[in-house]
There are 2 protein chains.
Amino acid sequence: MTEAFTTLAEPGVVMGVRLGIGQAGIKRAGRDDLLVMELAPGTAAAAVFTRNAFCAAPVILARRHLAAAAPRALIVNSGNANAGTGEPGLRAARECCAGLAAALGVAEEAVLPFSTGVIGEPLPVERILDALPATLASAASDRWADAARAIMTTDTRPKLRSTVFSGPDGRRYHLNGIAKGAGMIRPDMATMLAYLATDAAVAAPLLDQLLRQSMAQSFNRISVDGDTSTNDACVLLATGAAGGELITAADDPVARSLAAALDWVSAELARDIVRDGEGATKFITLKVSGGRTEAECLDVAYAIAHSPLVKTAFFASDPNWGRLLAAIGRAGLGELDLHGVNLALNQVPIVAAGARHPDYTEAQGQAAMAPAEIEVAISLGRGAASAEVWTCDLGHEYVRINAEYRT
Amino acid sequence: MTEAFTTLAEPGVVMGVRLGIGQAGIKRAGRDDLLVMELAPGTAAAAVFTRNAFCAAPVILARRHLAAAAPRALIVNSGNANAGTGEPGLRAARECCAGLAAALGVAEEAVLPFSTGVIGEPLPVERILDALPATLASAASDRWADAARAIMTTDTRPKLRSTVFSGPDGRRYHLNGIAKGAGMIRPDMATMLAYLATDAAVAAPLLDQLLRQSMAQSFNRISVDGDTSTNDACVLLATGAAGGELITAADDPVARSLAAALDWVSAELARDIVRDGEGATKFITLKVSGGRTEAECLDVAYAIAHSPLVKTAFFASDPNWGRLLAAIGRAGLGELDLHGVNLALNQVPIVAAGARHPDYTEAQGQAAMAPAEIEVAISLGRGAASAEVWTCDLGHEYVRINAEYRT
């Protein structure tokens, strides 16, 4: 039973997916802000959308369309989220879908719409429709890098990962993924969009299961459940265009390789989002172990990840472990015995039994905080569960970007 | 039945309280960092302490002492929180109490210790003990302003409020309050300490009730329950030194006036803390109405108050109501119907029925965001409950202060 996959520096071709890139003038002139993904007939899709009660018009429509038909195309615009736009926003999203559906000769419900950018501004539908012909004319199967760039908003870098894996019969399959999002601490900070596509043939229920499993250890490790933006979406597509039998079982060898590749692609994209955090200068891995449950380990990790005091200390490379302890202490764990708590920064033991480690020196702490990548290892000493979360620091650039964005 | 009280610009004298101020060299040289409050025999006390599991040594000890004896003195140092200091920290707090108890000739348990400042550094007990004689020699009943200054850490302004009220027999009573705390959004950002004292004679159970009622609408409106620092404490003292009968019932006229004065002093001090928020340039009042319960109104208010995206928009005077809607949408309210949601900034209607108000213009929004005090009124349209919370913006100064503090 093999789970092997190979990572590709140059993105491979996912058969059955063609990517068209265009400019609708939503972002500044000369910037790509439109992506159309054309999908081969028979493509299966799984998707997870934001749980925000104020979900954007395209999210409402994409959910409906996905329930009604198998998707034949995705249309994604950046620069405008089409959120908080009421009925006119829903109409605008529908017009985009209808325009693309007419151009491709598919049903309107076979088009899934996505938007990311400023909330509350009317979507410039006419300009999007006007840009469609050129966008479709540009479509090709090797434009993954351009696609990753077209969906960026405050991102400073495109986010793209590519893998290849083989079936037992030697057949080769690809899995590519692109994502956007530069939120500081969790996707609610800025829309997160991710599109993952393979040319293996996977039954929809299995595809859904694979997506949810993978998200739980990747995009949901930089986010709190329910704490999502109005537009977050993650879509996994299986075109089947590489041939081979339809995979329906999780223990199928191809399913296992796909799952492994998917886990890697999702986790790398999720970490790429954190690394590109708005104004981030540090990438922080929070490893919490010794909890009674995974949930309480996550509570501790998120209490730290969401503390502006901790994050500004990381920005300053200040080994302010007192702020870390204070965050652990207010994570809401019942009967937490401080004497069981240990903490290390980049393998330097800082806290032992709930107080400063006897051998700790400030110089050691400062050395541990200096690198751009920092691992915070916390053991709670009361169980066998563990969890890992990724976050970044909070610096002046975050304030600058978010105070200036939109105005 | 009268509830009248008068506010005093110059703090009045609370009989039975003497305030000694000293310098133990914990803060920079020449700064007051020690406060001793001497209390007349028979003083009743009520207190609320942090719920942080990592509560500091003085919190542990103050709780114990309060349960064991009626307090005769408080000792407060600023500059060092004596938190995360383990057994040596507890010993240090005990030595401070013992030293003051010996000097005053009272039981060790009759002294309540408090500390605020840096976490994880050993408390310089010797220097505190050395500073005690001069501190006690300086004690007087008119040093409230000096006391408010001595307990400051990152505060830029002392926080002091003073009131006077009369009993039915014409007897005059005072209530004074001082506080420290410059946390950005909630007391977990920095320790909050508050000391409130009256010279009325109040039975301990009633005193406790009055304190909790008042806190629920003041200090707990800038804080999430359970989200507290390692050292937070709020103490209400009643010396009885003004004479009069012991008040035991909440409907006693003096109790009613005291409650009204207490509500005002507490709310003003709480707002003073927000106004002095680290790097704050805006004071924001969040009024949420039309909720099914007060709890869900608070959930919405805190989702906004804790959103870095919303807070940076306030800093930029940017009427980014999309970020406000996104925060409301992820507050976790079940079955929230967006069409019921309305929002106004400083009385300018921005959002109607979940989308941009038809008459709204960007110019109006910017005008509404310009003042230093901004009221955000949100109606959820699904009930009769309401809640009010105070917060501030997030700007460059917050990052600067918290990145530089301690290092």
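Residues numbered from 1 in each chain as written. Chains lettered and ligands numbered in written order. Predicted model: local features only at pLDDT ≥ 70, side-chain atom pairs only at ≥ 80, totals over all residues. Heavy atoms only, no water.

(A) Representation of the overall build of chain A in the model. Of regular secondary structure, chain A possesses 11 helices and 16 strands. Taking 2.2 N^0.38 as the reference for a compact globule, 407 residues should give roughly 22 Å; the C-alpha atoms of chain A span a radius of gyration of 22 Å, in line with that estimate. Each principal axis of the C-alpha distribution contributes one length, and for chain A these read about 70 × 55 × 35 Å. Counting all 407 residues of chain A, 61% fall into the buried class. A sequence separation of at least 24 residues applies to 80% of the contacts in chain A between residues at least 6 apart. If you sum the accessible surface of chain A, you get close to 14000 Å²; carbon and sulfur atoms cover 52% of it. Where the 35 positive side-chain charges of chain A centre and where its 44 negative ones centre are 3 Å apart. (Helix = DSSP H or I, 4+ residues; strand = E, 2+ residues; numbered from the N terminus. Rg over C-alpha atoms; globule rule 2.2 N^0.38 Å. Buried < 20%, exposed > 50% of the residue type's maximum accessible area, 1.4 Å probe, protein only. Contact = heavy atoms within 4.5 Å. Areas by Shrake-Rupley, 256 points an atom, 1.4 Å probe, with all protein chains shown as cover. Lys, Arg positive; Asp, Glu negative; His and termini not counted. Charge placed at Lys NZ, Arg CZ, Asp CG, Glu CD.)

(B) Highlighting the sheet that holds strand β10 (residues 233-238) of chain A. Residue and element names in this part refer to chain A. Strand order in the open sheet formed by 6 strands is β1-β7-β8-β9-β10-β4, and the pairing between neighbours is mixed. With partners counted over all chains shown, the strands left at the sheet margins are β1 (6-8) and β4 (44-49), one partner each. The sheet shows a mean angle of 15° between the axes of neighbouring strands, direction not considered. Where strand β7 (residues 159-166) lies against strand β8 (residues 172-180), 8 bridges are found, and the strand directions are antiparallel. Bridge pairing links Ser-166 to Arg-172 in β8. (Pairing = 2+ DSSP bridges. Axes fitted to C-alpha atoms, helices over the stretch in contact; angles between N-to-C directions.)

(C) Focus on the relation of the copies chain B and chain A. Mapping chain B onto chain A calls for a rotation angle of 180° and an axial translation of 0.0 Å; the resulting RMSD is 0.0 Å. In symmetry terms, the pair is related by a two-fold rotation axis. Residues of chain B ranked by C-alpha distance from the rotation axis are headed by His396(B), positioned 3.0 Å from it. A share of 100% of interface residues in chain B that are also interface residues in chain A marks the association as one of identical surfaces. (Least-squares fit on C-alpha atoms with pLDDT ≥ 70 in both.)

(D) Summary view of the packing of helix α7 (residues 294-305) of chain B against helix α9 (residues 321-329) of chain B. Residues and elements named next belong to chain B. Packing of α7 against α9 leaves a shortest axis separation of 8 Å and a crossing angle of 135°. In terms of axis orientation, α7 runs oblique to α9. For the crossing formed where α7 meets α9, the hand is right-handed. Here α7 contributes Val-300, Ala-303 and Ile-304 to the contact with α9, which in turn contributes Leu-324, Ala-327 and Ile-328. Broken down by class, the residue content of the contact of α7 with α9 amounts to 6 nonpolar, no polar and no charged. (Parallel < 35°, antiparallel > 145°, perpendicular 65-115°, else oblique. Left-handed = near helix turned anticlockwise from the far one by under 90°. Nonpolar A, V, L, I, M, F, W, Y, C, P; charged D, E, K, R; others polar.)

(E) How the structure looks around the packing of aromatic side chains. All names here are of chain B. Summed over all chains, the structure comprises 6 aromatic pairs over all chains. Note on Phe-165 and Tyr-173: the rings are 5.7 Å apart at their centroids and 25° apart in plane angle, and the pair reads as stacked. Overall, the relative accessible area of 2% leaves Phe-165 in the buried class. Over the ring of Trp-390 we find Arg-271; its NZ or CZ atom is 4.7 Å from the centre of that ring. (Phe/Tyr/Trp six-rings, centres within 6.5 Å; stacked < 30°, edge-to-face > 60°. Lys NZ or Arg CZ within 6 Å of the ring centre and 35° of its normal.)

(F) Structural view of the pattern of salt bridges. Overall, the coordinates contain 34 salt bridges over all chains when judged by the stated rule. The partner of Glu121(A) in a salt bridge is Arg356(B), and the shortest N-O contact between them spans 4.0 Å. Separated into two different chains, Glu121(A) in the loop between β6 (111-118) and α3 (125-137) and Arg356(B) in strand β14 (residues 355-356) make up a pair that spans both. Residue classification places Glu121(A) among the partly exposed positions, given a relative accessible area of 28%. Bridged by salt links that share partners, the residues Arg161(A), Glu268(A), Arg271(A), Asp272(A), Arg275(A) and Glu373(A) form one connected network. (Salt bridge = Lys/Arg side-chain N within 4 Å of Asp/Glu carboxyl O.)

(G) Spatial organisation of the side chain of Ser115(A). Residue and element names in this part refer to chain A. Along the polypeptide, Ser-115 turns up in strand β6. Among the residues examined, Ser-115 registers a relative accessible area of 4% and is labelled buried. At 2.6 Å, the side chain of Ser-115 and the side chain of Asn-77 are in polar contact. When sequence neighbours within four positions are dropped, the list of residues in contact with Ser-115 reads Pro-58, Asn-77, Asn-80, Ala-81, Asn-82, Leu-123 and Asn-231. (Polar contact = N/O pair within 3.5 Å; in protein donor to acceptor, adjacent residues only side chain to side chain.)

(H) A look at the interface of chain B and chain A. At the junction of the two partners, chain B supplies 53 residues and chain A supplies 53 residues. Summed over both sides, the interface between chain B and chain A buries roughly 4400 Å², with carbon and sulfur atoms accounting for 61% of that surface. Viewed at the interface, chain A and chain B are joined by 2 salt bridges. Our count for the chain B to chain A interface comes out at 4 residue pairs in polar contact (both at pLDDT 80 or more). (Buried area = accessible area lost by both parts, 1.4 Å probe.)

(I) Seen up close, the pairing of strand β13 (residues 348-352) of chain A. All names here are of chain A. By the bridge criterion, 3 bridges tie strand β12 (residues 342-345) to β13 in an arrangement that is antiparallel. If you follow Ala-344 over to β13, its bridge partner there is Pro-349. The loop that links β12 with its antiparallel partner β13 comprises 2 residues; one of these, Asn-346, has a positive phi angle of about 45°. Across 2 bridges, the pairing between β13 and strand β14 (residues 355-356) is antiparallel. Bridge pairing in β14 places Val-351 opposite Arg-356.

(J) Summary view of the confidence of the model for chain A. Residue and element names in this part refer to chain A. Residues with a pLDDT of 70 or more make up 95% of chain A, whose mean pLDDT is 91. In this model residues 184-189 is a low-confidence stretch, pLDDT under 50, and it forms 34 contacts with partners more than four residues away in sequence or in other chains. Two summary scores accompany this predicted model of the complex, namely pTM at 0.85 and ipTM at 0.81. (pLDDT = per-residue confidence, 0-100.)

(K) The environment of Asp199(B), seen in detail. Residue and element names in this part refer to chain B. Tracing the chain through its elements places Asp-199 in the loop between β9 (193-198) and α5 (204-216). The class for Asp-199 is buried, based on a relative accessible area of 0%. Expressed as a C-alpha distance, the spacing of Asp-199 and Phe-314, which sit 115 residues apart in the sequence, is 42 Å. Filtering out sequence-adjacent residues up to four positions away, Asp-199 remains in contact with Val-13, Val-14, Met-15, Tyr-173, His-174, Thr-239, Gly-240, Ala-241, Ala-242 and Gly-243.

(L) Local environment of α7(B). Residue and element names in this part refer to chain B. The terminal C-alpha atoms of α7 lie 16 Å apart, and with 12 residues this matches the ideal 16 Å at 1.5 Å per residue to within 8%. Along α7, 9 of the 12 residues are buried, which leaves the element largely enclosed by surrounding structure. Tucked inside the fold, the buried residues of α7 contact β11 (283-291), α8 (308-315), α9, β15 (373-379) and β16 (385-392). (Expected span 1.5 Å × (residues − 1).)

(M) Quick peek at the sheet that holds strand β15 (residues 373-379) of chain A. Residue and element names in this part refer to chain A. Strand order in the open sheet formed by 6 strands is β14-β13-β12-β15-β11-β16, with mixed pairing between adjacent strands. Strands with a single pairing partner mark the edges of an open sheet, and in this sheet they are β14 and β16 (385-392). Of the pairings in the sheet, the one linking strand β11 (residues 283-291) to β16 comprises 7 bridges and is antiparallel in character. Note on β16: the bridge partner recorded for Lys-287 is Glu-388. Strands β11, β15 and β16 of the sheet are contacted by helix α7 (residues 294-305), whose axis makes an angle of about 20° with β16.

(N) Up close: unusual backbone geometry. Residues and elements named next belong to chain A. With a phi close to 45°, Asn-82 is a non-glycine residue in the positive phi region. In this fold, Asn-82 is placed in the loop between β5 (73-80) and α2 (86-104). Overall, the relative accessible area of 0% leaves Asn-82 in the buried class.

(O) Structural detail: the side chain of Ser307(A). Here Ser307(A) lies in the loop between α7 and α8 (308-315). Within the structure, Ser307(A) has its side chain in polar contact with the backbone nitrogen of Val310(A) (distance 3.1 Å).

(P) Inspection of the environment of Ala194(B) at higher detail. Residue and element names in this part refer to chain B. In this fold, Ala-194 is placed in strand β9. Since its relative accessible area comes to 0%, Ala-194 is described here as buried. Here the alpha-carbon distance between Ala-194 and Ala-179, two residues 15 residues apart in the chain, equals 4.1 Å. Once residues lying within four places of it in the same chain are set aside, the contact partners of Ala-194 are Ile-178, Ala-179, Phe-219, Ala-233, Cys-234 and Val-235.

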